[in-house]
Amino acid sequence: MKFGSSREVDFASLWQRAFLPPLHPGGWRIIPIFVVATLILFWIWTPLGWIGVAATLWCATLFREPKRIAPMRSVTAVSPIDGLVAEVGSAPPPADLALGIEDLPCVSILLGPWDSHAVRAPADGRLAKQTVMHDGRRGERIAVRIECDSHAVGLVLIADGMGRRISTDLDSGAPLKPGDRFGLILFAGRAELYLPAGTIAAVAVGQRMVAGETILAELQG
């Protein structure tokens, strides 16, 4: 179907973007486990198998990595994950981030049960440091320091759900652009973004965030 002389609707592409978005590479290590478990459940009892099918589809939903278009301006901080803003305020950053002991503007975002659990880079800069901490009761936590031209941004990822694990795709020293693939939180968690002193957050509690697209704050100017 064509509109005018040069525009054409690619229905296959629209279908793929709406219902079959690409998966984060980390998801391909988890989904086969669900598939095998589903086959076993079908062998045991058919109704259990259909429960397994539902669980597998839910797992694929969490690990999807839809295409996102980041803002063109490099001086903005964008949301690192999908979800809802849980807190907007100020708090002392974790010592792992080496951002000082004074309170900094902080935005906390909570993943929902149907949100994509892929993590994206929140700012333009360099991944200067990432510290991983394991807690058997609270899950895994990763503190990430991103150094920009004249400031630094801190990102804390917390996995506190069934999987309690976080996988990252980048090593220290890697260059970052807002919206770049960064990692994956397994099954549930949240993100905390610590912004430079004096930064005013552009979001409110309860607001829906789109990873890599929603602007959290202007970092300069």
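Residues numbered from 1 in each chain as written. Predicted model: local features only at pLDDT ≥ 70, side-chain atom pairs only at ≥ 80, totals over all residues. Heavy atoms only, no water.

K.L.:
Honestly, the environment of Pro113 in this entry has me stumped. Any pointers?
P.N.:
Residue position: Pro113 is located in the loop between strand S5 (104-110) and strand S6 (118-120). Pro113 sits 74 residues away from Phe187 along the chain, and the two C-alpha atoms are 7.9 Å apart. Once residues lying within four places of it in the same chain are set aside, the contact partners of Pro113 are Trp58 and Leu62. (Helix = DSSP H or I, 4+ residues; strand = E, 2+ residues; numbered from the N terminus. Contact = heavy atoms within 4.5 Å.)

K.L.:
Explain helix H3 (residues 46-62) to me, please; I cannot follow it from the model alone.
P.N.:
Because an α-helix packs 3.6 residues into every turn, residues spaced three or four apart end up facing the same way. Here H3 is 17 residues long and its end C-alpha atoms lie 25 Å apart, about the 24 Å a rise of 1.5 Å per residue gives. Listed in full, the buried residues belonging to H3 are Gly49, Gly52, Thr56, Cys59 and Leu62. On an axial view of H3, the arc spanned by its buried residues comes to 125°, and they lie on one face. Looking at H3, the residues exposed on the side facing more than 90 degrees away from the buried face are Trp50, Ile51 and Leu57. In this structure, the buried residues of H3 make contact with helix H2 (27-44) and S6. (Expected span 1.5 Å × (residues − 1). Buried < 20%, exposed > 50% of the residue type's maximum accessible area, 1.4 Å probe, protein only. Arc of directions from axis to C-beta.)

K.L.:
Just to check I follow, could you spell out the packing of aromatic side chains for this structure?
P.N.:
The geometry of an aromatic ring pair is captured by the separation of the ring centres together with the interplanar angle, meaning the angle of the planes. Evaluated as defined, the whole model comprises 4 aromatic pairs. Taken together, a centroid distance of 5.3 Å and an interplanar angle of 80° make the contact between Phe42 and Trp50 edge-to-face. We classify Phe42 as partly exposed; its relative accessible area is 29%. Classification of Trp50 by relative accessible area gives exposed; the value is 55%. Between Trp58 and Phe187, the ring centres sit 6.0 Å apart and the planes meet at 20°, which makes this aromatic pair stacked. With Trp58 in helix H3 and Phe187 in the loop between strand S12 (181-185) and strand S13 (189-194), this residue pair connects regions lying 129 residues apart in the sequence. (Phe/Tyr/Trp six-rings, centres within 6.5 Å; stacked < 30°, edge-to-face > 60°.)

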